[in-house]
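Next come the chains, spelled out residue by residue.
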Amino acid sequence: MPAASSPSTSSSLRGPVGVGVIGAGNISKAYLDNLTVFPDLKVLVIADLFEDAAEARAKEYGVPGWGGPEKALYHPDVEIIVNLTIPAAHVEVATAAVNAGKHVWTEKPFSLDRESGLGLLKAADAAGMRLGTAPDTFLGAGLQTARRIIERGDIGTPLTGMTTFQTPGPESWHPNPAFLFQHGAGPLFDMGPYYLTALVQTFGSVRKVAAVGSSAKATRIIGSGPKAGEEFAVEVPTHVSA
Ligand SMILES: NC(=O)c1ccc[n+]([C@@H]2O[C@H](COP(=O)([O-])OP(=O)(O)OC[C@H]3O[C@@H](n4cnc5c(N)ncnc54)[C@H](O)[C@@H]3O)[C@@H](O)[C@H]2O)c1
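Okay, so let's go over this structure. Only a predicted model underlies this, so the values are computations on that prediction, with no experimental measurement involved.

## Some words on the overall build of the protein
Along the backbone of the protein there are 7 helices and 10 strands. The C-alpha atoms of the protein give a radius of gyration of 20 Å, which matches the 18 Å a tight globule of 242 residues would have. When the 242 residues of the protein are sorted by exposure, 36% land in the buried category. For the protein, the computed accessible surface area is about 14200 Å², with 58% contributed by carbon and sulfur atoms. Treating the 19 positive side-chain charges of the protein as one cloud and the 23 negative ones as another, the clouds have centres 7 Å apart.

See below:
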């Protein structure tokens, strides 16, 4: 990362790195629990389309700034934008951030399709900004240990790798779950990145893909929060066979 060009700009060389969070929803609490205790980071602003939500979260964590997305994007001391918006907004928000001269950590999925993902990579490259994306779970002890023992040859050459994920769905605990059943989410895009990341980190990149999919229910009922009891339509997964 280049050194700061003006005294008002924070820098990893001079002090805590300034962070702006965009997306003040469900997962922002887990992020802020952690981001606000690392001495080398300083969360300077929390932003959301719903400025009230940003303000409430900022006050909860003692963050000095809040507002709409531009408040984080154009904050002079923010070096990294943490993108915690819904999947459909990930590329748009991350692209705006790199174009504003900010590095980006973005939640999964990185993009909803290959083309827009490549466009984001290109934009970051052109702007000289770095991109990181969830999940970082492969850095954890379990997957690092698995990788180490495979690399050391403890189990010989692995012939197969398998991951399994089973759940009735997140509508029972997520207070605003509809986006998790819309294009860009669903089990494959919302949870798949954890398992695909584990496989790719352990065995290398994917050469060939085959898939089948279907929807278990056409509608779901919210089980928590102020919208509990409300029914919403499920869009994903669409019937797939490849
Ligand atoms: N909830 C979880 O347990 C969890 C866990 C891991 C990862 N994630 C990922 O984190 C992301 C957010 O999930 P969530 O559960 O917090 O969702 P959420 O719906 O609770 O929060 C998303 C927030 O982003 C805001 N937003 C949407 N579009 C925006 C835009 N263009 N600009 C600014 N703000 C915008 C919404 O107003 C909302 O407050 C998703 O990609 C999800 O896959 C969630």
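## Details of the pattern of salt bridges
Within this structure, the stated rule accounts for 7 salt bridges. Notably, a salt bridge pairs Arg57 with Glu60, separated by 3.1 Å at the nearest N-O pair. Taken together, the positions of Arg57 and Glu60, both in helix α2 (residues 51-61) and 3 residues apart, correspond to about one turn of that helix. Arg57 gets classed as buried once you look at its relative accessible area, which sits at 14%. You can call Glu60 partly exposed: its relative accessible area is 41%. Salt-bridge contacts for Arg220 lead to Glu171; the nearest nitrogen and oxygen are separated by 3.0 Å. With Arg220 in strand β8 (residues 219-221) and Glu171 in the loop between α6 (141-151) and α7 (186-203), this residue pair connects regions lying 49 residues apart in the sequence. With relative accessibility at 9%, the residue Glu171 sits in the buried group. If you follow the salt bridges from partner to partner, you end up with Lys29, Arg57 and Glu60 in one network.

## Points about the nonpolar core
Membership of the largest hydrophobic core comes to 19 residues, with the highest contact counts inside it found for Ile22, Ala72, Ile81, Val98 and Val104. Counting residues per element, the ones that place at least two in this core are β2 (41-47), α3 (69-73), α4 (90-99) and α5 (114-127). Considering every element that reaches this core, the biggest residue donor is α4, with 5 residues. In this view, Val104 contacts Ile81, Asn83, Ala94, Ala97, Val98, Arg130, Leu131 and Gly132; residues no more than four positions away in its chain are not counted. Within the second largest apolar cluster, 15 residues are counted, among which are Val21, Leu35, Val43 and Ile46.

## Topic: helix α1 (residues 28-35)
Every buried residue of α1 is listed here: Ser28, Tyr31, Leu32 and Leu35. Each buried residue of α1 lies within a common arc of 95° when the element is viewed along its axis, so the set occupies one face. Where α1 is buried, its residues meet β1 (17-22), β2, α2, β4 (80-83) and β5 (103-106).

## Some remarks on the pairing of β2
Burial within β2 is extensive, with 5 of its 7 residues counted as buried. Pairing geometry for β2 and strand β3 (residues 65-67), over 3 bridges, is parallel. Paired with Val45 across the bridge in β3 is Gly65. Regarding topology, α2 serves as the crossover connection from β2 to the parallel β3, and that connection is right-handed.

## Observations concerning the packing of aromatic side chains
Across all of its chains, the model carries 2 aromatic pairs by this definition. Aromatic pair Phe165 and Tyr195: ring centres 5.5 Å apart, planes at 35°, arrangement tilted. In this pair, Phe165 is assigned in the loop between α6 and α7 and Tyr195 in helix α7, connecting sequence segments 30 residues apart. Given the relative accessible area of 34%, Phe165 is considered partly exposed. A residue is classified by how much of its surface remains accessible, and Tyr195, at 26% relative accessible area, is partly exposed.

## Some thoughts on unusual backbone geometry
Along the chain, Lys108 connects to Pro109 via a cis peptide bond; the corresponding omega equals -5°. With an omega of 5°, the peptide bond running from Ala134 to Pro135 counts as cis.

## Observations concerning the sheet that holds β1
Reading across from one edge, β3-β2-β1-β4-β5-β6 is the order of the 6 strands in this open sheet, with parallel pairing throughout. The open sheet has two edge strands, β3 and β6 (131-133), and neither has a second partner. Recorded for the sheet is a direction-independent mean angle of 20° between the axes of neighbouring strands. Here β1 runs beside β4; their pairing, made up of 4 bridges, is parallel. Its bridge partner being in β4, Val21 is matched across the sheet by Val82.

Rules of the game
- Residues numbered from 1 in each chain as written.
- Predicted model: local features only at pLDDT ≥ 70, side-chain atom pairs only at ≥ 80, totals over all residues.
- Heavy atoms only, no water.
- Helix = DSSP H or I, 4+ residues; strand = E, 2+ residues; numbered from the N terminus.
- Rg over C-alpha atoms; globule rule 2.2 N^0.38 Å.
- Buried < 20%, exposed > 50% of the residue type's maximum accessible area, 1.4 Å probe, protein only.
- Areas by Shrake-Rupley, 256 points an atom, 1.4 Å probe, with all protein chains shown as cover.
- Lys, Arg positive; Asp, Glu negative; His and termini not counted.
- Charge placed at Lys NZ, Arg CZ, Asp CG, Glu CD.
- Salt bridge = Lys/Arg side-chain N within 4 Å of Asp/Glu carboxyl O.
- Core = buried A, V, L, I, M, F, W, Y, C linked by side-chain atoms within 4.5 Å.
- Contact = heavy atoms within 4.5 Å.
- Arc of directions from axis to C-beta.
- Pairing = 2+ DSSP bridges.
- Right-handed = clockwise from strand over helix to strand, strands pointing away.
- Phe/Tyr/Trp six-rings, centres within 6.5 Å; stacked < 30°, edge-to-face > 60°.
- Axes fitted to C-alpha atoms, helices over the stretch in contact; angles between N-to-C directions.

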